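Listed below are the residues making up each chain.
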Amino acid sequence: MVSTCDSNSANLNKGNVEEEPHVLAVDDNLVDRKLVEKLLKNSSCKVTTAENGLRALEYLGLLDGKKSSVNNNALKVNMIITDYCMPGMNGYELLKKIKESSIMKDVPVVIMSSENVPTRINKCLEEGAQMFMLKPLKFSDVKKLRCQLMQCRG
């Protein structure tokens, strides 16, 4: 039997009025970024997008030299979903930076890739990725993410 996350169970996780979870979506490909954004918004998530790992770190206040400062944006993000293959900093390197941060280490990170490479998938999961998903994402994938997100917010 497949468990689903309906609005009633989501409301039970939060004692007060539920607000939209905030997802930071990172992808260098504009089409993929827009697709992820649309799917997440259709699933009642607030979405912020970044076109690469450095922009994501900047948004979260985690660029080198700023590690000690608590960034308001970082406190509002409930999940990060990032592409694996990006120029400059790949998804694995971004994952490592996030997991090294005392502020962000508990925020779930989901890695996406169009390539199904078992060693890459295992490496990301061992480093702390919540999930590894194959692109292109579908609405059913986003429903799984939303369910995951509600369990993590508890």
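These figures come from a predicted structure and were not determined experimentally.

(A) Representation of the packing of helix H3 (residues 53-60) against helix H5 (residues 91-100) in the model. Direction vectors running N to C along H3 and H5 enclose 20°, while the axes themselves pass 10 Å from each other. It follows from the interaxial angle that H3 and H5 lie roughly parallel. The crossing of H3 and H5 is right-handed. When H3 is examined against H5, the residues Gly53, Ala56, Leu57 and Leu60 are found in contact with a partner set consisting of Leu94, Lys97 and Ile98.

(B) Fine view of the nonpolar core. Ranked by size, the top nonpolar core spans 25 residues in total, and within it Leu60 and Ile80 carry the most contacts. Listing elements by their share of this core, those giving two or more residues are strand S1 (22-26), H3, H5, strand S4 (109-113) and helix H6 (118-127). Setting aside residues up to four positions removed in sequence, Ile80 forms contacts with Leu24, Val26, Leu60, Ile98, Met104, Val107, Pro108, Val109 and Val110. Counting residues in hydrophobic clusters, the runner-up holds 17 residues, among them Val23, Leu40, Met79 and Ile81.

(C) Seen up close, the pattern of salt bridges. Under the criterion given, the structure shown has 9 salt bridges. Close ionic contact of Lys135 with Asp27 constitutes a salt bridge, the shortest N to O distance being 2.9 Å. Here Asp27 lies in the loop between S1 and helix H2 (30-42) and Lys135 lies in the loop between strand S5 (131-134) and helix H7 (139-153), a separation of 108 residues in the sequence. Each member of the pair Lys135 and Asp27 is classed as buried. As a salt-bridge pair, Lys135 and Asp32 come within 2.9 Å of each other at their nearest N and O atoms. Placement of the pair is Lys135 in the loop between S5 and H7 and Asp32 in helix H2, with a sequence separation of 103 residues. What makes Lys135 buried here is its relative accessible area of 16%. In the salt-bridge network here, residues are joined through shared partners; they are Asp27, Asp32, Asp83 and Lys135.

(D) Main features of the packing of H5 against H6. Between H5 and H6, whose axes approach to 10 Å, the crossing angle comes to 10°. When the interaxial angle is binned, H5 and H6 end up roughly parallel. Along its contact with H5, which presents Tyr92, Leu95, Lys96 and Lys99, the element H6 presents Lys123, Cys124 and Glu127.

(E) The arrangement of the packing of aromatic side chains in detail. As enumerated under the stated definition, the model contains 0 aromatic pairs in all. Its guanidinium or amino end placed over the ring of Tyr92, Lys123 lies 4.3 Å from that ring's centre, counting from NZ or CZ.

(F) Spatial organisation of the pairing of S1. Across the 5 residues that make up S1, a large majority, 5, are buried. Judged by which residues are buried, S1 turns out to be covered on both faces: His22, Leu24 and Val26 on one side and Val23 and Ala25 on the other are all buried. As defined by bridge partners, S1 adjoins strand S2 (residues 46-50) across 5 bridges and the pair is classed as parallel. Note that in S2 the partner of His22 across the bridge is Lys46. Between the parallel pair S1 and S2, the chain is carried across by H2, and the sense of this crossover is right-handed. Two elements, S1 and strand S3 (residues 79-83), share 4 bridges in a ladder whose sense is parallel. Bridging across to S3, Val23 finds its partner in Met79.

So, how was this worked out
- Residues numbered from 1 in each chain as written.
- Predicted model: local features only at pLDDT ≥ 70, side-chain atom pairs only at ≥ 80, totals over all residues.
- Heavy atoms only, no water.
- Axes fitted to C-alpha atoms, helices over the stretch in contact; angles between N-to-C directions.
- Helix = DSSP H or I, 4+ residues; strand = E, 2+ residues; numbered from the N terminus.
- Parallel < 35°, antiparallel > 145°, perpendicular 65-115°, else oblique.
- Left-handed = near helix turned anticlockwise from the far one by under 90°.
- Contact = heavy atoms within 4.5 Å.
- Core = buried A, V, L, I, M, F, W, Y, C linked by side-chain atoms within 4.5 Å.
- Buried < 20%, exposed > 50% of the residue type's maximum accessible area, 1.4 Å probe, protein only.
- Salt bridge = Lys/Arg side-chain N within 4 Å of Asp/Glu carboxyl O.
- Phe/Tyr/Trp six-rings, centres within 6.5 Å; stacked < 30°, edge-to-face > 60°.
- Lys NZ or Arg CZ within 6 Å of the ring centre and 35° of its normal.
- Pairing = 2+ DSSP bridges.
- Right-handed = clockwise from strand over helix to strand, strands pointing away.

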